[in-house]
Each structure stands twice: as C-alpha cells, then as structure tokens.
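Chains, contacts and geometry: an overview
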Amino acid sequence: MYTFSERPGSLLFQELNRDEIGRWAPDATVILPVAAIEQHGPHLPVWTDSLLAESITLQAAALANEEIPILVCPVVTYGSSHHHLIYPGAMSLSNDTLIGVLRDLTDSLVSSGFRRIYLINSHGGNEECVRLAARELALRHPVIAGAVSYWTIAWDQIVQEGQAGRLGIVPGHAGGFETSLLLALRPDLVRTELLPLPNLRPIPSTPRDPSTGPLIQRHGSWAEIDGYSDDAGSASAESGQKLLEIISRTLAAEFVRFHQFKLN
Ligand SMILES: [Zn+2]
C-alpha cells in the first residue's frame, strides 16, 4: 500500500503498471467515466460525450488529487444510444449490454483491490444503467459505489453561477450548452459555419434537470428535432470554459466527499 505522499505519478489508470495499481487500489477512489458515440447534430463530432467525460473527470480528479488519492479509468466510450440509430454515427450498446459491461468492468476494479468506485456519466441515455450498475455493485461487494451525471452534480452551480440557461436547453443535446463546452475544449472539431441551426422547438425559460422528475419518452421525437435540442447560436468558448471550471470544481468537491464515506 502507498502512503499519500508516495502516490504514483499519474492520475490515469492506464499509465500505471499492475504493481502500482495493486498498491494504490485499496486506498484510492477510482473514477469510471461512462459516455457515448452518437450523432451530435451537423456541427459536433460523434465523440462529443466521450470527450466531455474524459476532460471533466480528469480536470476534477486533478483538483481532488490535492486532498485524496484518486485514479481515472479509460472512458467507457460506448453507451446506450439506440435512440440515435436513425442517424449515421451511433455505436450503441443496448441497455442490457451496457449494464453487463458496467458490471464486468466494476467487478474487474474490485478484483484489482479498489473499494471506492464512482461512475461519472456524460450521456442522458446512460442515466438509469449507470445508477443501476452502482446500486448492484455495492450489493455484490463490500465497496462504496457512486453514480451521477456531471450536469446533475453541478446543476445549481451551472444554472446560477454559469448562467447555462442562456445558452439553450441544459444539458440538451448538441445545443448551446454542449457546443460551448466543445468550443472551449476542441474548437477545431466544431463546424461553427453551420450555426445557428434552425430553431425547432422553444427553450423553456426555467432550466430543468432532465435526470430528475418524470421521465417522458415519446416514440419518434428525435427525428422531429433533427437530432439536436436547440440552435447553439448562443454558444461560445468563453461560456464553455467558465462552465468547465464550475463543473470540474464541483465534481472535485464531490470526489472528496465520496472518499470520506466509511467502508464496512
Ligand atoms: Zn451529448
């Protein structure tokens, strides 16, 4: 086992060797980012959710690493995206498959010796699967498991401090919110010449977290809105950078809080 001052030189699970992981695992919180590959309108790459998952969890872990031992796993790049199969670009797992993938990966982390495992989700379609995976993990093993979507854990901060509602639907899909985050992270991947997109539906005046409250699903609705939630015309790199800082800071505090829970 490492002491905190002897921690390995990288936060990235994949950069450590087996001995480093084995020594670090019992004391560390390990983060499993879960994302998707799917269309994000005509202007964003299909990699959007995976890039966000990777960037947000790494930035948050770097902050949390000043207080707690923490590692970030490679992103689970493929998620539950069957609702996007009507467009090119989705590489989707069914919900049953995704739950099985998360079960196997989290069991693998337990086999490596980890006891604090947090799944961070970046894609709305994964929501229930990720939470179920954490719930069942803590039933199978004497561990502490967590699961949350990044917009939910930082909801109050992104809506109030970050004024995310001015950009479009939060988090929406390929709208002003996600486009701002991409403009901050990888502007070379954003087709800004296509913006704004046709505005296909009204933006609610009060943002509402889609991960809370009733779940309403209407067959065929993704085709009606051409696969994006809002026109992204208000998106900016400056807004995206501010939101990334808010989200990372809030998520880092959550990692520290999670690490303090007592193990049985
Ligand atoms: Zn997305």
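All values derive from a computational prediction rather than experimental measurement. (Residues numbered from 1 in each chain as written. Predicted model: local features only at pLDDT ≥ 70, side-chain atom pairs only at ≥ 80, totals over all residues. Heavy atoms only, no water.)

1. So, the overall build of the protein
Tallying secondary structure elements over the protein gives nine helices and four strands in all. The secondary structure elements of the protein, listed N-terminal to C-terminal, are α-β-α-β-α-β-α-β-α-α-α-α-α. By its C-alpha atoms, the protein is 55 × 35 × 30 Å across when sized along the principal axes. For the protein, the proportion of its 264 residues judged to be buried stands at 51%. (Helix = DSSP H or I, 4+ residues; strand = E, 2+ residues; numbered from the N terminus. Buried < 20%, exposed > 50% of the residue type's maximum accessible area, 1.4 Å probe, protein only.)

2. Notes on the pattern of salt bridges
Under the definition given, this model contains seven salt bridges. One salt bridge in this structure joins Asp 19 and Arg 18, with 3.9 Å as the shortest N-O distance. Judged by relative accessible area, which is 74%, Arg 18 ranks as exposed. Residue Arg 191 is joined to Glu 193 by a salt bridge in which the shortest nitrogen-to-oxygen separation is 2.6 Å. In this structure Arg 191 comes out as partly exposed when scored by relative accessible area, which is 43%. (Salt bridge = Lys/Arg side-chain N within 4 Å of Asp/Glu carboxyl O.)

3. Considering unusual backbone geometry
Residue Val 170 is joined to Pro 171 through a cis peptide bond whose omega torsion reads -10 degrees. The omega angle of the peptide bond from Leu 195 to Pro 196 is -5 degrees, so this bond is cis rather than trans. Considering the arrangement of structural elements, one finds Pro 196 in the loop between α7 (176-185) and α8 (221-224). Positive phi, close to 55 degrees, is recorded for Asp 226, a residue that is not glycine. Taking the relative accessible area as the measure of exposure, Asp 226 reaches 41% and is therefore partly exposed.

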